[in-house]
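Results of the structural survey
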Amino acid sequence: MARARIRVLVAKPGLDGHDRGAKIIARALRDAGMEIIYTGIRQTPEMIAEVALQEDVDVVGLSILSGAHLELFPLIMEQLKQKGVDGVIVIAGGIIPEEDFPALYHMGIKAIFGPGTPTQQIVDYINKVMAEKAKS
Amino acid sequence: MVDTLYTPEDIAGLDYGDSLGYPGEYPFTRGVQPTMYRGRLWTMRQYSGYASAEESNRRYRYLLEQGQTGLSVAFDLPTQIGYDSDHPLARGEVGKVGVPVDTLEDMETLFQGIPLDKVSTSMTINATAPILLAMYIAAAKRQGVDIAKLDGTTQNDILKEYIARGTYIFLPRHSMRLTTDIFAYCSKYLPRWNTISIGGYHIREAGSTAAQEVAFALANGIAYVQAAIDVGLDVEAFAGRISWIFQTHNNLFEEIAKLRAARRLWAKVMRERFGAEDARSCMFRTHIQTGGSTLVAQQPLNNIVRATIQTLAAVLSGIQSLAVASYDEALCLPTEEAVQLSLRTQQIIAYESGVADTVDPLAGSYYVEFLTDTLGAEIKRYIEKIDSLGGAVAAIEQGYQQREIQESSCRYQSEVESGKQVVVGVNKFTSPYPKLTRLLRVDPGVERKQKERLARVKGNRDQAKVVASLKNLEEVARTGENTMPAFLECVEAYATIGEMCDILRRVFGVQREFLVF
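Just so it is clear, the structure is predicted and the values come from calculations on it, not from any experiment.

Section: the confidence of the model for chain B
- Counting all residues, the mean pLDDT for chain B is 94, and 99% of those residues have values of 70 or more.
- Across the assembled chains, the prediction reports ipTM 0.87 with pTM 0.93.

Now the structure itself:
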């Protein structure tokens, strides 16, 4: 059953403290009418999956700038699967080289938004995929 | 808002002696040295440190051969937050944004073949600064270097970590004690060491305005000076070793005015608030790193032009050292080629542009002096507000600076998205552009190798010595004694950074994030 509001977890895996992007996204999505759970920095894959489960979110947005995405994202996807929340839409942003995109798509990340992406584009993307999901 | 024209009326209140003074004289608005670049050019220092101690060591030697005059060490995040490379939280992060240092052995490898009495080394390290400094001292001793000759900087600015950068570990008041322990130790044994580099850089990077960048950093500076005085240190014994780090952005005149205003304000704070007599105690000596967050992924070669403007702003404002961000930084860690271009940018401005030929060439410009005064007044208002909240630490605990930065960051973002703030290649003049290739990639085997190295060091050390030194550290941490000698003892016994920080976490308590969004 479709909910009135889309629930989004904005999470920062790894140890980097660069949270400017994550906070801007969190604010923009909230302003667009979504419900936001923001984890803060230094989250382990286990913690992120646990919050996704507890908060029953529709979307998980991962922000990372340290370069550890190829190591940490697979662990997060695995944890989500283990906890049975692999139905959520996982998207990512931060400093992620384009040549890494195929590997990340392959592990189930649905979209990657690099530096300079207008926040409206992310809002539109989430609304679109959630609408598609509701239809199917 | 900027007016169309500025005239003598806009600087009618300007008193040369009180507002500007000659370079090298209080209040140092025109620069801290009488001859500035004519006497000696700024130190050209590119930030680097990669993957492993061996690889970083090779890179440092390369940069020194290329004419770089100071080293700047980036540590990886586990080292900055006090976890060994084999800790679960270090997964994926070992060697990523800098070099991993678990024990003294890594520090020795890092500086192998580089005489530590001949280079100046800047270490970007905060929560674990006393530990890394102890390792540097121990490595120098093993080279047979007189530690009194050590020249360099520990960032050691924990307050901006709570505000913006995020690599804090302990509760603020315990962290402040470690900060002042370094002040006290260095004033005795490392007279040439810059004990703290107070950062506006990271505050700006998190989205603040230019005025907030300076104001929040100066307010942190006031808190450090007060803390040092409170533990009984003499202002004149440590104030002269304080240095700063700021950004420059693309608005050339605002950036120049910002730094001139900062020099004047800090001099007045030191003399009027803290009673510093010695001119050196009132000097605002700063390093500049051009603005990382101004770099964009779209049409990345445009970043070279942005960095050049920012370099010019830094040089024209009268600074002591400079690092230029590399054009590929919105995409990856900078490649060697991009770092070399950053160094060349500095060299072209230094040797070809003529802007270094005379001191503070923009002084007396109606606009620049007006802007210096205007920004100065805005910065002062912020400092007064922080004072009214009980000082920088109390304000941080109330989330004041974090909220102000968050507001500025969101305002800027909405201005970019509405097109009010033009970013070439992003929201205007967009066009297809060639993708950057040959991005720097950290070898994924680094983490495994570093863990093996750590296991080997732990296997070969005298365990009884490690246990005894850690026990001593715990005791010292519980008393008010200076922790530096205890760290030195641990380090020389090859105790790991994680072992030392685990003890301190237990004694000092761990700070949770001040969540503001």
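Picking up after the structure, the text goes on.
Considering the pairing of strand β3 (residues 71-74) of chain B
Residues and elements named next belong to chain B.
- Here β3 shows a buried face lined by Leu-71 and Val-73 and a second buried face lined by Ser-72 and Ala-74.
- For β3 and strand β4 (residues 120-124), the ladder comprises four bridges, and the chain directions are parallel. Pairing of Leu-71 across the sheet is with Thr-121, part of β4.

Digging into the interface of chain A and chain B
- Every contact between the two is made by 39 residues of chain A and, on the other side, 43 residues of chain B.
- Between chain A and chain B the total buried area reaches about 3,300 Å² when both faces are included, carbon and sulfur atoms providing 52% of it.
- Among the residues of chain A in contact with chain B, A:Leu15, A:Arg20 and A:Arg42 are the three that bury the most area, contributing 23% of the side total.
- Across the chain A-chain B interface, the total number found is three salt bridges.
- Its salt-bridge partner being A:Glu46, residue B:Arg91 comes within 3.2 Å of it at the nearest N-O pair.
- Linking chain A to chain B there are twelve residue pairs in polar contact (both at pLDDT 80 or more).
- Ranked by residues supplied to the side of chain A that touches chain B, first place goes to helix α1 (residues 20-31) of chain A with six residues.
- Looking at the side of chain A that touches chain B, its residues break down into 16 nonpolar, eleven polar and twelve charged.

Some points on the sheet that holds strand β8 (residues 242-248) of chain B
All names here are of chain B.
- Ordered by their spatial adjacency, five strands build an open sheet running β1-β10-β9-β8-β7, and the pairing between neighbours is parallel. On the outer flanks of this sheet lie β1 (43-44) and β7 (196-199), each paired with one strand and no other.
- Where β1 lies against strand β10 (residues 321-323), two bridges are found, and the strand directions are parallel. Following the sheet pairing, Thr-43 is matched in β10 by Ser-321.
- Where helix α11 (residues 252-273) meets the sheet, it contacts β8 and β9 (285-290), and its direction lies at approximately 160° from that of β8.

What counts, and at which threshold
- Residues numbered from 1 in each chain as written.
- Chains lettered and ligands numbered in written order.
- Predicted model: local features only at pLDDT ≥ 70, side-chain atom pairs only at ≥ 80, totals over all residues.
- Heavy atoms only, no water.
- pLDDT = per-residue confidence, 0-100.
- Buried < 20%, exposed > 50% of the residue type's maximum accessible area, 1.4 Å probe, protein only.
- Helix = DSSP H or I, 4+ residues; strand = E, 2+ residues; numbered from the N terminus.
- Pairing = 2+ DSSP bridges.
- Contact = heavy atoms within 4.5 Å.
- Buried area = accessible area lost by both parts, 1.4 Å probe.
- Salt bridge = Lys/Arg side-chain N within 4 Å of Asp/Glu carboxyl O.
- Polar contact = N/O pair within 3.5 Å; in protein donor to acceptor, adjacent residues only side chain to side chain.
- Nonpolar A, V, L, I, M, F, W, Y, C, P; charged D, E, K, R; others polar.
- Axes fitted to C-alpha atoms, helices over the stretch in contact; angles between N-to-C directions.

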